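# Structural features, examined
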Amino acid sequence: MDHVSAFDEPLKKLLGGATAKVMADHLDLHTVGDLLHHYPRRYEERGRLTALTDLPLDEHVTVVAQVSDARVMAFNGGRGKRLEVTLTDGHGRLQLVFFGHGVHKPHKELLPGRRAMFAGKVSVFNRKMQLAHPTYQLLDAELTDEAGATEAVDAFAGKLLPIYPACKQLDSWRIAKAVDAVLPSAQEAVDPLPPALREGRGFTALPEALLKIHRPHTKADVAAARDRLKWDEAFVLQVALARRRYADTQLPAVARRPVPGGLLDAFDATLPFTLTDGQLKVSKEIFDDLATEHPMHRLLQGEVGSGKTMVALRAMLATVDAGGQAAMLAPTEVLAQQHHRSITEMMGELAEGGMLGGAELGTKVVLLTGSMGMPARRQALLDLVTGEAGIVIGTHALIEDKVKFHELGLVVVDEQHRFGVEQRDALRSKAHSQGEKRSPHLLVMTATPIPRTVAMTVFGDLETSVLDQLPAGRSPIASHVVPAKDKPHFLSRAWERVREEVENGHQAYVVCPRIGDDEEEPAGKKGKKTAEAEADKRPPLAVLEIAEQLAKGPLTGLRVEVLHGRMHPDEKDDVMRRFAAGQVDVLVATTVIEVGVNVPNATAMVIMDADRFGVSQLHQLRGRVGRGSAPGLCLLVSEAHEASPARARLSAVASTLDGFELSRIDLEERREGDVLGQAQSGVRSSLRVLSVIDDEEVIAAARAEAVEVVAADPELEHLPELRLVLDALLDKDREEYLDKG
């Protein structure tokens with residue numbers, strides 16, 4: 001029987017239609033292979049055999065005893081049924097209880113006088129020890145000889161019981177039964193690891209690893225199986241990414257080298273400051289990529305304000321020098337406008353030039369967004385197609401069919417995680433050069449620090465550059481936790497500090513978790529209970545209420561305004577413009593200000609109910625202050641209890657400005673799910689035992705091995721098994737996830 005038939009066998013053939021349908025609908029398991037890769041989440045150890053007289057509370061135990069009596073009781077006005085069984089082992093007694101539909105089978109089987117083994121967790125009800133819904137196994141009547149019974153008992157008691165990720169419609173033990181039905185097929189597993197790698201690292205064979213993870217005899221079995229299966233996942237994923245990077249290096253692109261004495265040199269000459277070492281290092285990596293005849297695919301990570309835009313702009317100018325056009329894509333119109341504003345300001349008169357590579361050293365910088373008026377839009381499109389505009393900044397509207405470029409050489413994407421592969425391909429198709437298909441170079445920027453492992457997994461098809469020092473002129477931000485509950489006077493002091501900042505000619509933000517009115521969900525992390533229960537019961541502080549309280553109370557006399565997501569876009573722009581122009585002292589806002597608002601004169605930020613936000617989000621918000629020459633101040637107000645995890649998290653944010661350190665904390669706290677987000681759901685669906693957090697070494701080692709394998713054999717001709725497994729993983733719908741960044 002060949003592999004394809006064994007692992008690709010539909011489950012309904014083996015398990016029957018009803019079970020197979022539940023597995024498909026609720027657990028996304030369709031084939032024998034899917035189920036074999038549905039690993040137990042943990043293992044219950046059936047406790048060693050215990051006498052009924054010395055049962056430990058809250059622990060899992062296994063007991064052997066005889067049923068002394070069993071009776072069904074009705075409760076809840078006759079609507080509910082419960083079966084109560086009393087056991088005895090000659091020394092002590094123990095009550096078992098079964099509810100609801102779970103009553104029928106034990107009622108038929110647990111007849112007075114029967115002996116059985118019972119396993120479950122000991123609890124107390126009405127001051128009596130009991131086991132609720134224990135699993136049990138009847139001991140055959142013929143096992144009267146002690147030795148036989150003891151053996152059966154040992155086999156039952158010492159077992160590691162696999163607990164599977166289950167759903168309401170299908171509990172763990174029914175999944176375990178289904179796994180038993182497909183386990184023989186594990187023998188047919190095709191091993192993706194090249195033999196040299198497998199032997200070199202001393203891994204268990206794959207069929208054996210599958211048997212051991214589902215039906216381990218010892219904890220060592222589980223560990224060996226997990227090590228092996230983690231490697232498979234990491235390696236197959238990294239090979240897929242390495243092949244994509246390899247394929248990208250085979251695409252043609254036009255090399256773009258800066259021209260001496262060109263636009264870039266003219267721009268550098270106008271800079272009032274020197275670039276940081278980090279900016280120079282990253283710029284060199286980018287310029288080296290631009291100079292090759294294959295498209296650059298680079299991810300530029302940098303803290304808010306580390307000067308990413310400056311690095312990107314210099315790459316764009318070099319591209320224009322080399323006769324190409326550069327496009328910058330922002331996730332929202334507000335950000336596109338902001339980039340356009342700051343880039344034209346940085347370039348000064350160089351942004352008013354004529355033709356591409358024209359002698360008068362300048363180029364047009366145009367803005368293209370969905371809401372532009374028709375005449376302006378027509379002019380922008382014209383400037384792009386003629387090459388009059390060397391730089392265009394816009395939203396995804398840039399990718400529409402109507403937009404034609406003269407010669408697109410570089411695409412800069414701000415905040416990649418909102419930007420899928422379809423868009424990348426659409427842009428690629430716009431870069432026609434002399435009738436050939438040539439890809440533009442691609443630079444992706446993100447201000448969200450991404451831990452190295454996530455970068456290697458989720459953005460694994462991009463080379464990574466990191467800007468980790470703040471440019472001169474950026475001021476440090478001091479952060480403090482304000483325990484509003486334990487020390488209310490700290491909060492009044494916080495408002496005094498805001499007043500002082502304003503009196504010194506600066507401005508402040510007050511950030512709240514929601515808008516006001518009757519909005520239900522807290523805006524921190526959707527639905528995630530971050531604070532303690534008592535904090536969750538209290539409605540999150542709202543923008544409108546807080547603004548009103550402040551204007552009437554501690555900040556009376558100051559110009560306080562609000563900004564939130566439900567305002568009309570023109571209204572929002574108006575408030576932001578006036579805040580930027582210094583006509584508003586204190587802006588009370590939701591997290592709308594999280595990305596991209598740049599007001600150097602804003603020096604203080606008070607975050608209300610700070611424990612309702614995620615670590616990375618707090619860090620992003622804090623990055624809005626201290627953007628000018630005056631030092632920044634960030635106050636994290638929390639009612640959370642001093643010893644609570646929420647407070648510990650806030651203290652972590654207050655104690656470091658290192659976004660990478662914080663993103664690790666964040667990741668550990670939220671686990672992979674939220675970090676990889678919906679956009680990368682495919683990665684999650686294919687990662688079963690690998691943890692992007694804990695398995696950094698495995699991922700790094702697998703990446704190194706994968707790069708070697710692909711360099712030696714890009715088509716994997718000599719590794720047919722690896723190819724088979726890759727093709728299965730990357731059938732069309734899953735291929736998407738590698739791109740979904």
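Okay, so let's go over this structure. (Residues numbered from 1 in each chain as written. Predicted model: local features only at pLDDT ≥ 70, side-chain atom pairs only at ≥ 80, totals over all residues. Heavy atoms only, no water.)

Our next topic: the pairing of strand S22 (residues 602-607). The element S22 is largely enclosed, with a buried count of six among its six residues. For strand S19 (residues 507-511) and S22, the ladder comprises five bridges, and the chain directions are parallel. Within S22, the position partnered with Val510 by the bridge is Val606. In terms of strand pairing, S22 meets strand S23 (residues 632-638) through four bridges, oriented parallel. Bridge pairing in S23 places Val606 opposite Leu635. Following the chain from S22 across helix H22 (residues 615-622) to the adjacent parallel S23, one finds a crossover that is right-handed. (Buried < 20%, exposed > 50% of the residue type's maximum accessible area, 1.4 Å probe, protein only. Helix = DSSP H or I, 4+ residues; strand = E, 2+ residues; numbered from the N terminus. Pairing = 2+ DSSP bridges. Right-handed = clockwise from strand over helix to strand, strands pointing away.)

A word on the side chain of Gln130. Mapped onto the elements, Gln130 comes out in strand S6 (residues 128-132). Classification of Gln130 by relative accessible area gives buried; the value is 13%. Apart from the residues lying within four places of it in its own chain, the contact partners of Gln130 are Leu94, Gln95, Val97, Lys121, Val122, Ser123 and Phe125. (Contact = heavy atoms within 4.5 Å.)

Our focus in this paragraph is helix H18 (residues 488-503). Over its 16 residues, H18 extends 23 Å from the first C-alpha to the last, a length consistent with the 22 Å expected when each residue adds 1.5 Å. Within the span of H18, buried status applies to Ala494, Trp495, Val498, Glu501 and Val502. Along the axis of H18, the buried residues cluster in a sector spanning 115°; they form a single face. In H18, the exposed residues that point more than 90 degrees away from the buried face are His489 and Glu503. Each element contacted by the buried residues of H18 is listed here: S19, helix H20 (543-552), strand S21 (586-589), S22 and S23. (Expected span 1.5 Å × (residues − 1). Arc of directions from axis to C-beta.)

One pass over the full model with this rule turns up six aromatic pairs. Note on Phe203 and Trp231: the rings are 5.8 Å apart at their centroids and 50° apart in plane angle, and the pair reads as tilted. Taken as a pair, Phe203 in the loop between helix H8 (195-200) and helix H9 (206-214) and Trp231 in helix H10 (residues 219-250) lie far apart in primary sequence, 28 residues in all. Accessibility assignment for this pair places Phe203 and Trp231 in one class, buried. Look at Trp231 and you get buried, because its relative accessible area is 6%. Aromatic ring contacts, followed pair by pair, group Phe98, Phe118 and Tyr136 into a single cluster. (Phe/Tyr/Trp six-rings, centres within 6.5 Å; stacked < 30°, edge-to-face > 60°.)

Moving on, we get to the pattern of salt bridges. One pass over the structure, following the stated rule, counts 33 salt bridges. Note that Glu9 and Lys13 form a salt bridge whose closest N and O atoms lie 3.0 Å from each other. The partner of Asp268 in a salt bridge is Arg314, and the shortest N-O contact between them spans 2.9 Å. Of this pair, Asp268 sits in helix H11 (residues 263-270) while Arg314 sits in helix H13 (residues 308-321), placing them 46 residues apart in sequence. One salt-bridge network, held together by shared partners, links Arg493, Glu496, Arg497, Glu500 and Glu501. (Salt bridge = Lys/Arg side-chain N within 4 Å of Asp/Glu carboxyl O.)

Turning our attention to the sheet that holds S22. Spatially, six strands are ordered S18-S23-S22-S19-S21-S20 in an open sheet, and the strand pairing comes out parallel. Each of the sheet's edge strands pairs with one partner strand only, and the pair in question is strand S18 (477-483) and strand S20 (560-563). In this sheet, adjacent strand axes meet at a mean angle of 20° when their direction is disregarded. Taken together, the seven bridges between S18 and S23 define a ladder with parallel strand orientation. Within the sheet, the bridge partner assigned to Ser479 lies in S23 and is Cys634. (Axes fitted to C-alpha atoms, helices over the stretch in contact; angles between N-to-C directions.)

Right, let's get into the packing of H22 against helix H23 (residues 645-655). Angle between the axes and distance between the axes are the two parameters that describe a pair of packed helices. It is the contact of H22 with H23, at a shortest axis distance of 10 Å, that shows an interaxial angle of 35°. Here H22 runs over H23; the crossing is right-handed. Contacts from Val615, Leu618 and Arg622 in H22 reach Arg649, Leu650, Val653 and Ala654 in H23. Split by residue class, the contact of H22 with H23 holds five nonpolar, no polar and two charged. (Left-handed = near helix turned anticlockwise from the far one by under 90°. Nonpolar A, V, L, I, M, F, W, Y, C, P; charged D, E, K, R; others polar.)

Moving on: the side chain of His506. Locating His506 in the fold gives a position in the loop between H18 and S19. Reaching out from His506, the side chain makes a polar contact with the side chain of Asn601 at a distance of 3.0 Å. With residues up to four places along the chain from it excluded, the contact list for His506 reads Glu501, Asn601, Thr603 and Ala630. (Polar contact = N/O pair within 3.5 Å; in protein donor to acceptor, adjacent residues only side chain to side chain.)

Attention now moves to the nonpolar core. If you look at soluble globular proteins, the nonpolar side chains tend to sit buried side by side. Formed by 39 residues in total, the largest nonpolar core has its most connected members in Met347, Ile391 and Leu410. Apart from residues no more than four positions distant in its own chain, Leu410 is found in contact with Leu290, Met296, Ala315, Met316, Thr319, Gln325, Ala326, Ala327, Pro440, His441, Leu442 and Leu443. Among the nonpolar cores identified, the runner-up in size contains 33 residues, and Ala6, Leu35, Leu170 and Ala225 belong to it. (Core = buried A, V, L, I, M, F, W, Y, C linked by side-chain atoms within 4.5 Å.)

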